[in-house]
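What follows is each chain in one-letter form.
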Amino acid sequence: MGQLLKPFREIHVSELKSRSLQEVMDAQGYLLIRGVLPGEDVAGLLGEILEVVSAAGWLRPGYSSLERVAEMSKACGDSDDAFKSVYKRIFSMESFHAFAHHPRLREVLSLLVGPRLLIQPKLVARMIFPNCERLLVDAHQDHQSMAGDPESFTMWFPLHDCPQELGPLQILEGSHRFGLQKSDPRTGYVVRETALGGDWVGGAIHAGDVLIFHSLTVHASSPNVSNQMRVSMDFRFQDYGRVLNPALLVFPGGSTNGRSWETTYADWRSEELKYYWKRFPLRFSPTKAELAELAQTAEPAEMRARYARILSQIEEQMPG
């Protein structure tokens, strides 16, 4: 994690009309666009998330929650039960899901993929405790877990200014041109020393900036060496005319993790974004017929059960 990073190549939002984002993406495998989101909108979502985080005791008393000074005795991450219960509350926030459909974001995403924009619904909130080596996400490609069509993208952005010491993402420039790279089958991590691409790039990313990268672009977290929590959001998007992995629309873990769209939507006031993807003529890979076959034949048995859950939930959402 300690190698020297070259600075990101960046575009200011004022340049978007004169730049071909697809050409830049094809060349670099990523786009860092400065000044996309209004600061007050980003701060509003951050404040709502910090209310939940603070109530969980993750912030040190005696400081403003906006300072995000972490209570290290509460340090936890994705795999910890203490994290999952807090994360479920954040994932259920209507404002969190609505933010991915912010007009400024949709404008930028459409410039890249065209008018058939699909924002995949399983958004991710990242609440990263500082100085926790075990929670650091090393080099990987999102397509390893997303599958579907590789011509899909991730948008990542912090909800506050994120200087290098808070751990913004790093990108292996040009690595998307080499397909799926060799990775550890247990973790999905790509070995940095043998990863194919150009230079590792990084640097500060400010509130309002967005980082977009290809599903095959190798990227990694930087270590958070501050005393603050890093709070960020990311989600995946694509042209809905391209195939989509149906697992990205459902919760294959079933009742084991207590997550479903029904529980997510329980306190929402508007119907507008509930199951919004059902309005699109989506093409799945694997198809429903292939899911049914996999539910009978996949090995091991746990995978058969997983495919059966995916098929059941997709059929319930989109019968026929």
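Our structure's up above, just so we're on the same page.
Rules used in this analysis
Numbering of residues starts from 1 in every chain and runs along the sequence as written. Only residues with pLDDT of at least 70 are given local features in this predicted model, and only at 80 or more are side-chain atom pairs given and counted; all residues enter the totals for whole chains, interfaces and linings. To get the side-chain values, all heavy atoms of the structure are used, and hydrogens and water are removed first. We call two strands paired when DSSP finds no fewer than two bridges between them. To qualify as a helix, a DSSP run of H or I must reach at least 4 residues; to qualify as a strand, a run of E must reach at least 2; elements of each kind are numbered from the N terminus. Each aromatic pair joins two rings of Phe, Tyr and Trp (for Trp, the six-membered one) with centres within 6.5 Å, and gets the label stacked for planes under 30 degrees apart, edge-to-face for over 60, and tilted for any other angle. Remark: exposure states derive from per-residue accessible area (1.4 Å probe, protein chains only) relative to the maximum for the residue type, with buried under 20%, exposed over 50%, and partly exposed in between. For this analysis, a nonpolar core means a set of buried residues of the types Ala, Val, Leu, Ile, Met, Phe, Trp, Tyr and Cys, connected via side-chain atoms within 4.5 Å. When checking whether two residues touch, look at their non-hydrogen atoms; a contact exists if any pair is within 4.5 Å. Polar contact is the term for a pair of N or O atoms within 3.5 Å; when the atoms are in protein, one must be able to donate a hydrogen and the other to accept it, and sequence-neighboring residues count only if both atoms are side-chain atoms. By salt bridge we mean one thing: a side-chain nitrogen of Lys or Arg within 4 Å of a carboxyl oxygen of Asp or Glu. Arc definition: it is the arc formed by the directions from the helix axis to the C-beta atoms. Any residue with an atom within 4 Å of a point lines the site, the site being either a cavity, points on a 1 Å grid over the protein atoms alone where a 1.4 Å probe fits but cannot get out, or a pocket, an open set with protein on both sides within 12 Å along at least 5 of 7 lines. Grid points are joined across faces, edges and corners, and a volume is the space filled by probe spheres set on the points. Here the term charged refers only to Asp, Glu, Lys and Arg, the term nonpolar to Ala, Val, Leu, Ile, Met, Phe, Trp, Tyr, Cys and Pro, and the term polar to all other amino acids, Gly among them. Simply put, an axis is a line fit to the C-alpha atoms, just over the touching stretch for a helix, and the angle between two N-to-C directions goes from 0 to 180 degrees. If an angle is under 35 degrees, it is roughly parallel; if it is over 145, roughly antiparallel; if it lies from 65 to 115, roughly perpendicular; otherwise it is oblique.

### Describing the sheet that holds strand β7 (residues 169–172)
Consideration 1: On the basis of which strands lie adjacent, the open sheet formed by four strands has the order β1-β8-β7-β10 and mixed pairing. The strands lining the two open edges of the sheet, one partner per strand, are β1 (6–7) and β10 (219–221).
Consideration 2: As defined by bridge partners, β1 adjoins strand β8 (residues 200–202) across two bridges and the pair is classed as parallel. Following the sheet pairing, K6 is matched in β8 by V201.

### Quick look at the packing of aromatic side chains
Consideration 1: This structure, assessed with the given rule, holds 18 aromatic pairs.
Consideration 2: Seen from their ring centres, F91 and W261 are 5.9 Å apart, and the 35 degrees between their planes marks the pair as tilted. Linking F91 in helix α3 (residues 81–91) with W261 in helix α7 (residues 261–264), this pair joins segments that are 170 residues apart in sequence.
Consideration 3: Of the residues examined, W261 reaches a relative accessible area of 3% and is grouped as buried.
Consideration 4: By the ring-pair criterion, three or more aromatic residues cluster together here, those being W58, F83, Y87, F91, F129, F251, W261, Y265, W268, Y275, Y276 and W277.

### Side note on the nonpolar core
Consideration 1: W58, M127, F157, I212, F235, F237 and W277 are the most contacted members of the largest nonpolar core, which has 81 residues in total.
Consideration 2: With seven residues, helix α2 (residues 39–55) is the largest single contributor of residues to this core.
Consideration 3: Contact partners of W58, with chain neighbours within four places excluded, come to V53, V69, A70, E71, K74, C76, A82, F83, V86, M127, F129 and M229.
Consideration 4: One finds F8, W156, C162 and F213 within the second-largest nonpolar core, a separate group that totals twelve residues.

### Things to note about the pairing of β7
Consideration 1: Residues L169 and I171 of β7 are buried on one face, and the alternating residues Q170 and L172, pointing to the opposite face, are buried as well.
Consideration 2: When β7 meets β10, the two strands line up antiparallel, connected through three bridges. Considered in β10, the bridge of Q170 is made with A220.

### Topic: the side chain of R236
Consideration 1: The topology assignment puts R236 in strand β11 (residues 230–239).
Consideration 2: Given the relative accessible area of 14%, R236 is considered buried.
Consideration 3: There is a polar contact of 3.4 Å between the side chain of R236 and the side chain of T154.
Consideration 4: Ignoring anything within four residues of it in the chain, the contact list for R236 reads L118, I119, Q120, V124, R126, D142, M146, F153 and T154.

### Considerations on the pattern of salt bridges
Two side chains of opposite charge can pair, provided their charged atoms sit close to one another.
Consideration 1: Counting across every chain of the model gives 17 salt bridges.
Consideration 2: In this structure, the salt-bridge partner of D149 is R242, at a minimum N-O distance of 3.1 Å. Separated by 93 residues along the polypeptide, D149 in the loop between α6 (143–146) and β6 (152–158) and R242 in the loop between β11 and α7 bring together distant segments of the chain.
Consideration 3: Note on D149: relative accessible area 13%, which makes it buried.

### A few points about helix α8 (residues 288–297)
Consideration 1: Within the span of α8, buried status applies to K288, L291 and A295. What you see down the axis of α8 is that its buried residues fit within an arc of 55 degrees, all on one side. Along α8, the residues that are exposed and aim more than 90 degrees away from the buried face are A289 and Q296.
Consideration 2: Packed against the buried residues of α8 are α9 (301–317).

### Notes on the environment of S183
Consideration 1: Inspection of the secondary structure puts S183 in the loop between β7 and β8.
Consideration 2: Residue classification places S183 among the partly exposed residues on the basis of a relative accessible area of 23%.
Consideration 3: In this structure, the C-alpha to C-alpha distance between S183 and I119, residues 64 residues apart in sequence, is 27 Å.
Consideration 4: In this structure S183 touches Q144, G188, Y189 and V190, once residues within four positions along its chain are discounted.

### Considering helix α5 (residues 103–113)
Side chains of residues three or four places apart in an α-helix project in the same direction, reflecting 3.6 residues per turn.
Consideration 1: The set of residues buried in α5 consists of L105, V108, L109, L112 and V113. End-on, the buried residues of α5 take up no more than an arc of 120 degrees, which puts them together on one face.
Consideration 2: One or two positions beyond α5, positive phi appears at G114, with a value near 95 degrees.

### Remarks on empty space enclosed by the protein
Consideration 1: Per the stated rule, a full pass over the model turns up one cavity of 30 Å³ or more.
Consideration 2: In this structure, the largest cavity spans a volume of roughly 40 Å³.
Consideration 3: Forming the walls of the largest cavity are H97, P121, W261, Y265, W268, L273, Y276 and W277.
Consideration 4: Its residues assigned to classes, the lining of the largest cavity comprises seven nonpolar, one polar and no charged.

### Quick word on the packing of helix α1 (residues 21–28) against α5
Consideration 1: Relative orientation of the contacting elements α1 and α5 amounts to 70 degrees, with a least axis distance of 7 Å. Our classification of the angle between α1 and α5 gives roughly perpendicular. When α1 is examined against α5, the residues L21, Q22 and M25 are found in contact with a partner set consisting of V108, L111 and L112.
Consideration 2: Residues of the contact of α1 with α5, tallied by class, amount to five nonpolar, one polar and no charged.

Honestly, it's all geometry; don't read function into it.
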